[in-house]
Amino acid sequence: MSSFKRYSLLNAFVSSLLVMLLMLLVFSFSGLTLLGWITVAVSGGVVFLILQIVQWQIISRSEMEVAEAIAHVEMMSSGEYSGSDVRSSFGVGHLVDVVSESVSKIQQQHNQILLEKKELNIRLGIADAENKHLTSILNTLNDAVVVTDSFNEIAMANSAASKLFRFNLDESKRLPVDQIINDSSLAKLIKDTREGQHKHTRRLEQRVVKGGSESVYDVTLSSVYTTNQANSNIASQNVNSGVVTILRDVTREREIAETKSDFVSNVSHELRTPLSSIKAYMEMLIDGEAEDEKTRFEFYNIIQGETNRLSRLIDNILNISRIESGVVRVQREHTSLMSIVTEAVNIMLPQARAKQIELVEIPSPDYFQVYADRDMILQCVLNLLSNAIKYTSDGGRVSVSVSVDDSSEMVRVVVNDTGVGIPEEDVPHLFDKFYRVADHKKLAKGTGLGLNLVKHVIETVHNGEVNIESEVNHGSTFTFALPIAED
Ligand code: ADP
């Protein structure tokens, strides 16, 4: 028996006793006989006791039923029991039925939620795999890609972008774009695109400072629109949900385009100058302006010099393109470098004289031969001598010598001048195609092709080597060496 039951039983006896005493007290003033007085009091006490016992039994019964119902509900909640068979006269059975119904509904909902959870987990796994796949595709791109969301925060970026703007990819998500992109004008462009100030896709060129130097980027900004279906009563509308920004480094392309345009204008100028000169002297000859033989001879010489200059330029362009495309025809023969040098000096003498430059060929006591394409080597010597004269002020000196280096078994041609010299930082670039020292552009016209051809002919075609030594304002020494021909 539970303590509650014991307490209730005790309570019934005590209260019946109290009722009996109360009745004895009340009926003592009623004038009843002693027997009648006791009988009334005892019967009142007994009736009260019987009522108390009945109440106690009802309570015990309902307590049992509630306990049984709790046990059923507990079984239901643990999933071991699905129906109610509680017999009750107090409506507890009905309560259990209601609870049982609710529990089974909750169970169904729970099972449904479990199913949905499972499905969501599968979808999440697929989305995660797709996301990883997309990220690895993005990371293979050389172009920097930055995707921002409707709050102007980073939603996605690739490794090219993290390198360009120097941020940590893993820590960049959900950070404001201007905190990640250290280029304020680009961050503003992204924001403006998101705010709809620039519709759909926009392309522009943007200069970005990267590692201290400025690079040119072709930037494409595209707004991403999603359909807003949050409220079914309102007609669906397209909402700007972010911006995809793609940056392609076009620095090299712009440089090449600039160089090509410089090249075309330089080559045109280079071609036009000798052509105009040839044309002018030809017209003077035709008009009979050269009256005496000496003047006519002078005019012929100028025409010849200009024609040579023209053909050298065209030869340079053609030869570089042939060597680069691998279709050059090399006609090797045993030839003396001394004779090539002498021929080049004779060709360049008029140009040197025009600037009062002393052009000297230092004789060599040795005789040696190389196995080379004579015309190509002649063109190299001419290019070196022409440069030495071009970049030496009037009255300077240019010398050329040929010598043998017994240890390396090479023949060396050294062209030395007392000209403007070359700044140290330009030296590594001198053999690049179209490269010209900026300060020298005003000194003489040129195309930046002469030294490139020398390098190609000596090193690529003849396995030789080319070197430069130079000091600004003191002069330069260009040396090339070719293997001595075997007997
Ligand atoms: P260019 O037609 O401009 O002379 P080159 O390829 O022959 O082209 O030479 C490239 C650049 O190297 C020149 O523009 C010039 O700045 C520099 N250079 C070449 N030779 C000399 C030299 N002897 N003295 C000073 N600078 C030189």
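Residues numbered from 1 in each chain as written. Predicted model: local features only at pLDDT ≥ 70, side-chain atom pairs only at ≥ 80, totals over all residues. Heavy atoms only, no water.

Draft legend 1. Molecular detail of the nonpolar core. Counting 49 residues, the largest nonpolar core has Leu337, Ile377, Leu385, Ile458 and Phe480 as the members making the most contacts within it. If one sorts the elements of this core by residue count, helix α11 (residues 374-390) sits on top with 10 residues. Those residues in contact with Leu385, other than ones at most four positions away along the chain, are Ala344, Val345, Met348, Leu359, Val398, Val400 and Val415. Counting residues in hydrophobic clusters, the runner-up holds 22 residues, among them Ala144, Ala157, Val177 and Ile190. (Core = buried A, V, L, I, M, F, W, Y, C linked by side-chain atoms within 4.5 Å. Buried < 20%, exposed > 50% of the residue type's maximum accessible area, 1.4 Å probe, protein only. Helix = DSSP H or I, 4+ residues; strand = E, 2+ residues; numbered from the N terminus. Contact = heavy atoms within 4.5 Å.)

Draft legend 2. The arrangement of helix α10 (residues 337-354) in detail. Along its 18 residues, α10 runs 26 Å from first to last C-alpha, staying within 8% of the 26 Å computed at 1.5 Å per residue. When the local axis directions of α10 are compared, the greatest deviation, roughly 45°, occurs at Met348, which is followed within four positions by the proline Pro350. For α10, the capping residue at the N-terminal end is Ser336, with a side-chain oxygen 3.2 Å from the backbone nitrogen of Met338. At the exit of α10 stands Gln356, carrying a positive phi of roughly 50°. (Expected span 1.5 Å × (residues − 1). Bend = angle between axes of the 7 residues up to and from the residue. Polar contact = N/O pair within 3.5 Å; in protein donor to acceptor, adjacent residues only side chain to side chain.)

Draft legend 3. Representation of the pattern of salt bridges within the structure. If you walk through the whole model with that rule in mind, you get 16 salt bridges. In this structure, Glu205 and Arg254 form a salt bridge, with 2.7 Å as the shortest nitrogen-oxygen distance. Linking Glu205 in strand β3 (residues 201-210) with Arg254 in helix α8 (residues 251-286), this pair joins segments that are 49 residues apart in sequence. Using a relative accessible area of 32% as the deciding quantity, one classes Arg254 as partly exposed. The partner of Arg397 in a salt bridge is Glu358, with the nearest N and O atoms 3.6 Å apart. On the criterion of sequence distance, the pair formed by Arg397 in strand β9 (residues 397-405) and Glu358 in strand β7 (residues 358-362) is long-range, its members being 39 residues apart. Judged by relative accessible area, which is 35%, Arg397 ranks as partly exposed. (Salt bridge = Lys/Arg side-chain N within 4 Å of Asp/Glu carboxyl O.)

Draft legend 4. A look at the domain arrangement of the protein chain. By domain assignment, the protein chain separates into domain 1 (1-140), domain 2 (141-227 + 237-249) and domain 3 (257-483). Taking only C-alpha atoms, the centre of domain 2 and the centre of domain 3 are 50 Å apart. (Domains from an automatic or database assignment.)

Draft legend 5. The arrangement of the sheet that holds strand β10 (residues 410-417) in detail. The strand order across the open sheet built from five strands is β7-β9-β10-β12-β11, with neighbouring strands paired in mixed fashion. Strand pairing shows two members of the sheet lacking a second neighbour, β7 and β11 (465-471), which therefore form its edges. Across the sheet, the axes of successive neighbouring strands diverge by a mean angle of 15°, strand direction being ignored. Pairing of β7 with β9 involves five bridges; the strand directions are parallel. Note on β9: the bridge partner recorded for Val360 is Ser399. Across the face of the sheet, α10 comes into contact with β7, β9, β10 and β12 (475-483) while running at roughly 170° to β7. (Pairing = 2+ DSSP bridges. Axes fitted to C-alpha atoms, helices over the stretch in contact; angles between N-to-C directions.)

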